[in-house]
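Survey of secondary and tertiary structure
These are the residues of each chain, in order.
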Amino acid sequence: MEQPMIPLIVLMLPLLSALIILLLHRSLGGASALISIGSSLICLVASIALLGSPDKTYPLFTFIHFSDALNFNIGALINQQSKGMLFVVTFVGFLVHLYSHGYMKDDAARPRYFGSLSMFMFSMTGIVLADNLAMMFIFWELVGLSSYLLIGHWFQKPSACNAANKAFMTNRIGDFGFMIGILLLFSMNAGDLSFEGLKSSFTNGGGAADWPVKHVRDAYPWMITAAALCIFMGAVGKSAQVPLHVWLPDAMEGPTPVSALIHAATMVAAGVYMLVRCSFLIAASPFAGDVITAVGAVTALLAALMATQQNDIKRILAYSTLSQLGYMIMAVGMGANAEGMFHLYTHAFFKALLFLGSGSVIHATHHNQEMDKLGGLWKKMPITGTTFFIGSLALAGIPPLAGFWSKDEILVTLDKSWGAWALLLLGFAAVMTAFYTTRLFIRTFMGKPMDQDVYDHTHESGFVMTGPLIFLALLAIFSGFIIFHDVGTALGFPGGITEFIFLPEEGPHKYHIDWAFAAASLGIGIVGVFAGAFMYWGNRKDRSTQLATWNPGLYQLIKNKFYFDDLYQAGIDRGVLGFSYIVSWFDRYVVNDTGIDGSAQVTGFSGGVLKHLQTGRVPNYAMAIALGVVGLAIAGLVVRG
Amino acid sequence: MPSLLFYFFALVTLLFGVLVIASKNPVTSALSLAMCFVGLAALFIGLDAYFIGTIQVLVYAGAVMVLFLFIIMLLDIRAEEGRKPNYAAIIGGAALAVVLVLQVAVILRGFDAGKKTGEDAVLKPQEAVAAMGAKALPTITNDLNRGTLPDTKLMGLQLFRHYSFHLQIVGLLLLVGTVGVVVLSKKEKAGRTEGDSPSGGGSEGESPSLRSAPAIRPSR
Amino acid sequence: MITLNHYLMVSAALFAIGLAGVVVRRNILIVFMCLEMMLSAGNLALVAFSRFRVTDGLPDYSAQALVFFTITVAAAEVAVGLAIIVALYRAKHSVDVEAASKMQG
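Residues numbered from 1 in each chain as written. Chains lettered and ligands numbered in written order. Predicted model: local features only at pLDDT ≥ 70, side-chain atom pairs only at ≥ 80, totals over all residues. Heavy atoms only, no water.

**Side note on the overall build of chain C**
Quick reminder of the rule: In this description a helix means any DSSP run of H or I spanning at least four residues, a strand means any run of E spanning at least two, and both kinds are numbered starting from the N terminus. Exposure categories follow from relative accessible area, calculated using a 1.4 Å probe and restricted to protein chains: below 20% of the type maximum is buried, above 50% is exposed, and the middle band is partly exposed.
Scanning chain C for helices and strands turns up three helices and two strands. Listed N to C, the secondary structure of chain C is α-α-β-β-α in terms of helices and strands. Burial statistics for chain C: of 105 residues in total, 65% are counted as buried.

Okay, here's the thing in structure tokens:
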């Protein structure tokens, strides 16, 4: 059935809302929030409606059409991947919109916030629905822009501006690689950048007439790896993998709902989603797949270590996001697309829950984010505390919550592909995850309050904020069960998880739970939790300080985030600024003084010389005429003979 | 024309020409120029161009030079005295003239068609009658048959048969010149403003003599 | 014998003398007279060509017609030019060519 309407609505309605807010924000004022929330609700309903529709590609607009060779369209590719992702994006988006209504109640720039939020929804749904790489790239950039706007929402704070710039610039570096990858694919597939077309070229070896991918694979096998790695660069930038991870912790300068939506659930997951969409490319180049997995593993491990030393609750959650993204990227690199996407969905739920919960805490304590000032808040904020507890358990990977199932699946795949030593490292990362999660929870919600003043002024947040928390907590508990075939069927998806996540021809149709493994990962989780509790229970600082003095070098290394930021800053100071001195010298002395000033002075000088020809004396002019005649005659004689 | 006469008149022409540019007194220059024209007229007559030769004397020596003398007298131009000659300009001008003559000499050396003499260009009046054919005028053919060259009549034939339109135009030109001279020479009267009609020669078809001509301010 | 080239040489010499006068002399009237000399030199060349180009036993009179027109136009030009000189004299009270040097750049 031809129904381009629903994808069209999902795509364009947030844009419409953003435009309305842009144009009418002065007269709308607070009502702009309602417009934005309404549009996100409609999008949610539409995406639910899409869940049942058949797989199809809907061409929507023609963007550029120069000739048959250069043809970019805006279209929607609806298949399992996009349906699931769209649902998650719109669902979490709607909850965040609702939450923002309460969180940003006192903010004067609400229209701008909601306009940017609608803009973000437009861009994100664009990425999800994209049926070709060019369209995805356009919306990729738009998402980066929306993120910049939202991170820098409180632009009066210089730190927020810097963070927004940092996010955009780091993203841009990744996008450069992405663009190169797209161009490589463009040349390999003779201009057809649609996912369907690329997939058929890569799997069947057929495809476009002039440069079938099979030909490329035989003649230039390195080009496929190069394309895969370049496309991965985009994911490195957007999903904040090492070495481009530096923007995500700083992005916490933005409002907490933004952090929840963009930097936990949706935008950073776009990198993973894009890689899943391009899974044929990774399958075609095992080397690239290994690189991707390695990068993901390194990120997971390093981020988990860095999270243990942070004191700001949002920063801890940011590093935890980095770590979990590392897991997802690892999964995709190994070809386990379904596991990666599954972890993406569950992570979206519980991480959004955790962020919104921390937002509730921040809002209640009037923007006190440092854990040094918090403590014992559970009594004062029961709903927030409980939901936060559920989210922490999910993050730590404690069954039967969702995080356990998804993380477990990834570790199983890792074991199958890479062996025991990788499992050891990632297991250690999982221990760390549980550890810092417990640390966070204990220091924020339990024990005695560190700052009595803050404690006295805290109160539970309104329903507008706690409602989404409760909803997400329920999802965090139950969404893991969809892995079981029967649960999935009961919900209306005959194939269980497979139907919800990836295309039918991939992967097994039934999930077998390896109970031994499950027990092992449960054990890991419990170890981490106990370690955290051991260190931090009861406001005890002595054990953690002892650990710090045990290996001061390592402690400093982790505390300073492995000096990545310092390294980049030094590179910019020396490299970029040094180069810019050269360029500015050239601009000043060559272009300006010689070229521009020089030509002006030459003109002036020659004018000053030539003006002496105009004597105004008639005899001179007569002489000139006579000389001209004689000269011409001489010239004629010379030329003739 | 016998060579002697040619050389004599050529010398006269050139000599008086040099005298024009060399004399201090403008009246001397004018009169020398008149003599130069007379020499030229003699050369014309030697070339069997009787009409043109006569016209040269009548118009040039008779009217134009007299006009020059009138103006010299009117403006009361004295001889330029007490001014030391500008040697640079003199040498420059002389060099210019010499170079030009040399160039022409070089060109003429290679000009073969110019090497014909009077014998090669013999006039045959009787034969010309036959060539003229049906368009012949009796007065001309009679003179030609008698062996003389009716130069004036042939000139008239040429002008009025082939160049009649040009003749009319030249007539108009003379009219315009006359008008222009009248307008240009008018003295400025006090209190008169500049008229709105365009001044001077070149405006065809207008006759400012029909209304009072505007005063023309001399160019400042 | 006198050839066409002789006449042309005389014409050239007269023209050159006129040119030298235009360049050298400072009195406008003398300059004007030299202009007339140059014109007449041209006329001489024309008449010489007319005589030495014999068609059907007669000289070619079209050149002489041109001379006729040249003389006419020269006369008209002299008239107008002298009127201008008179006007110039009234303004500058001098017939020196240096007097009208307002076009100095």
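**Some points on the overall build of chain B**
As a reminder, the rule being used: In this analysis, two residues are considered to be in contact whenever any of their non-hydrogen atoms come within 4.5 Å of each other. Computed by Shrake-Rupley with a 1.4 Å probe, the accessible areas treat only the displayed protein chains as cover when residues are assessed.
When helices and strands are tallied, chain B shows eight helices and zero strands. Mapped from its N terminus to its C terminus, chain B presents α and β elements in the order α-α-α-α-α-α-α-α. Across the 220 residues in chain B, those meeting the buried criterion constitute 35%. Expressed as a percentage of contacts within chain B between residues at least 6 apart in sequence, the contacts between residues at least 24 apart total 45%. Split by element, the accessible area of chain B, about 12800 Å² in all, is 66% carbon and sulfur.

**So, the interface of chain B and chain C**
Convention followed: By buried area we mean how much accessible surface two parts lose on assembly, using a 1.4 Å probe and totalling the loss over both. Just to be clear on terms, a salt bridge is a Lys or Arg side-chain nitrogen sitting within 4 Å of an Asp or Glu carboxyl oxygen. Under the rule applied, a polar contact is a pair of N or O atoms within 3.5 Å (in protein, one hydrogen donor and one hydrogen acceptor; residues adjacent in sequence only if both atoms are side-chain atoms).
On the side of chain C, 74 residues touch chain B, which itself brings 90 residues to the contact. Regarding the contact of chain B and chain C, the summed buried area is about 7100 Å², with carbon and sulfur atoms giving 78% of it. At the surface where chain B touches chain C, the tally comes to one salt bridge. Arg51 of chain C serves as the salt-bridge partner of Asp48 of chain B, at 3.0 Å between the closest nitrogen and oxygen. Counting across the chain B and chain C interface gives seven residue pairs in polar contact (both at pLDDT 80 or more). Going through the elements one at a time, helix 1 (3–22), helix 2 (26–46), helix 3 (50–75), helix 4 (87–109), helix 5 (125–132), helix 7 (151–162) and helix 8 (164–185) of chain B are the ones with two or more residues in the side of chain B that touches chain C.

**Some words on the packing of aromatic side chains**
So the rule is basically this: Pairing of aromatic rings covers Phe, Tyr and Trp, the last counted by its six-membered ring, and requires centre-to-centre distances within 6.5 Å; plane angles under 30 degrees mean stacked, over 60 mean edge-to-face, and any other angle means tilted.
Per the stated rule, a full pass over the model turns up 26 aromatic pairs over all chains. With a centroid separation of 5.5 Å and an interplanar angle of 65 degrees, the aromatic rings of Phe91 of chain A and Phe471 of chain A are classed as edge-to-face. Of this pair, Phe91 of chain A sits in helix 3 (residues 80–103) while Phe471 of chain A sits in helix 21 (residues 463–478); the two residues are 380 residues apart in sequence, bridging distant segments of the chain. When its relative accessible area of 41% is taken as the criterion, Phe471 of chain A is described as partly exposed. A ring pair is formed by Phe6 of chain B and Tyr7 of chain C, whose centres lie 4.8 Å apart and whose planes are at 65 degrees; its orientation type is edge-to-face.

**Focus: the nonpolar core**
The following threshold applies: Here, nonpolar core means buried Ala, Val, Leu, Ile, Met, Phe, Trp, Tyr and Cys residues that are tied together by side-chain atoms lying within 4.5 Å of each other.
Membership of the largest hydrophobic core comes to 175 residues, with the highest contact counts inside it found for Met85, Leu133 and Leu185 of chain A. With 14 residues, helix 16 (residues 337–364) of chain A is the single largest residue contributor to this core. Not counting residues up to four positions away in its chain, the partners in contact with Leu133 of chain A are Phe178, Ile182, Leu185, Leu193, Phe195, Leu198, Ile231 and Cys278 of chain A. Counting 87 residues, the second-largest nonpolar core is a separate cluster that includes Ala34 and Ala128 of chain B together with Leu4 and Tyr61 of chain C.

**Comments concerning the pattern of salt bridges**
When their charged atoms lie close together, side chains carrying opposite charge are able to pair. This structure, assessed with the given rule, holds twelve salt bridges over all chains. Taken together, the shared-partner salt bridges in this structure form one network comprising Lys157, Glu253 and Arg315 of chain A.

**Some remarks on the interface of chain A and chain B**
With seven residues of chain A at the interface, the matching set in chain B holds seven residues. Summing both sides of the interface, chain A and chain B together bury roughly 600 Å²; the carbon and sulfur share of this comes to 83%. Of all residues in chain A, Met623, Val630 and Leu637 of chain A bury the most surface against chain B, accounting for 63% of the area lost on that side. Where chain A packs against chain B, one counts zero salt bridges. Taken together, the links from chain A to chain B amount to one residue pair in polar contact (both at pLDDT 80 or more).

**With respect to the packing of helix 5 (residues 133–151) of chain A against helix 11 (residues 256–265) of chain A**
Residue and element names in this part refer to chain A. For the record, the criterion: Note on geometry: axes are lines fitted to C-alpha atoms, helical ones only across the stretch in contact, with angles between N-to-C directions running from 0 to 180 degrees. To sort the angles, those under 35 degrees are grouped as roughly parallel, those over 145 as roughly antiparallel, those from 65 to 115 as roughly perpendicular, and the leftovers as oblique. Handedness of a helix crossing follows the sense of rotation of the near helix relative to the far helix, less than a right angle counterclockwise being left-handed and clockwise being right-handed. Only Asp, Glu, Lys and Arg are considered charged, only Ala, Val, Leu, Ile, Met, Phe, Trp, Tyr, Cys and Pro nonpolar, and every remaining residue, Gly among them, polar.
Helix 11 packs onto helix 5 with a crossing angle of 160 degrees between their chain directions and a minimal axis gap of 11 Å. It follows that helix 5 is roughly antiparallel to helix 11 by the angle criterion. Remark: the crossing between helix 5 and helix 11 carries left-handed chirality. Listed contacts from helix 11 to Ser147, Leu150 and Ile151 of helix 5 are Val258, Ile262 and His263. Here the contact of helix 5 with helix 11 is built from residues that sort into four nonpolar, two polar and no charged.

**Details of helix 24 (residues 515–536) of chain A**
Put simply, the rule reads: Multiplying 1.5 Å by the helix residue count minus one yields the expected span of that helix.
Its 22 residues give helix 24 of chain A an end-to-end C-alpha distance of 31 Å, which sits within 8% of 32 Å, the value for a rise of 1.5 Å per residue. Within helix 24 of chain A, burial applies to Phe517, Ala518, Ser521, Gly525, Gly528, Gly532, Ala533, Met535 and Tyr536 of chain A.

**Quick notes on the confidence of the model for chain C**
This is how the line gets drawn: What pLDDT reports is the predictor's confidence in each residue, on a scale of 0 through 100.
Here chain C shows a mean pLDDT of 90. Residues at 70 or above account for 97%. Predicted complex metrics record ipTM = 0.92 and pTM = 0.65.

**Some words on the confidence of the model for chain B**
One rule of thumb: low pLDDT means the predicted coordinates there are not for detailed reading. Of all residues in chain B, 81% have pLDDT values of 70 or greater, and the mean over the chain is 81. When pLDDT is averaged over each helix and strand of chain B, the minimum, 71, is found for helix 5 of chain B and the maximum, 95, for helix 2 of chain B.

**Side note on helix 1 of chain B**
A turn of α-helix holds 3.6 residues, and therefore any two residues three or four places apart point the same way. Residue and element names in this part refer to chain B. Put simply, the test is: Summarising the geometry, the arc corresponds to the directions from the helix axis toward the C-beta atoms.
Its 20 residues give helix 1 an end-to-end C-alpha distance of 28 Å, which sits within 8% of 28 Å, the value for a rise of 1.5 Å per residue. Within helix 1, burial applies to Phe6, Ala10, Val12, Thr13, Gly17 and Val20. Buried residues of helix 1 fall within an arc of 155 degrees about the axis and therefore sit on the same side. Residues of helix 1 that are exposed and angled more than 90 degrees away from the buried face: Leu4, Leu11, Leu15 and Ala22.

**Remarks on a nonpolar patch on the surface**
Residues and elements named next belong to chain A. What counts is decided by this rule: For patch building, the residue pool is restricted to those with more than 30% relative accessible area and no salt bridge; the joining distance is 9 Å between like charges and 5 Å between nonpolar side chains (Val, Leu, Ile, Met, Phe, Trp, Tyr).
A cluster of nonpolar side chains, namely Leu16, Leu19, Ile20, Leu22, Leu23 and Leu24, defines an oily patch on the protein surface of about 570 Å² accessible area. Structurally, Leu22 is set in helix 1 (residues 5–28). The exposed category is assigned to Leu22, whose relative accessible area is 58%.

**With respect to the environment of Ser50 of chain C**
Residues and elements named next belong to chain C. Relative to the helices and strands, Ser50 is located in helix 2 (residues 28–52). A relative accessible area of 1% means that Ser50 is categorised as buried. Measuring from C-alpha to C-alpha, the distance between Ser50 and Ser62 comes to 7.5 Å, with twelve residues separating the pair along the chain. Apart from residues no more than four positions distant in its own chain, Ser50 is found in contact with Pro59, Asp60, Ala63 and Gln64.

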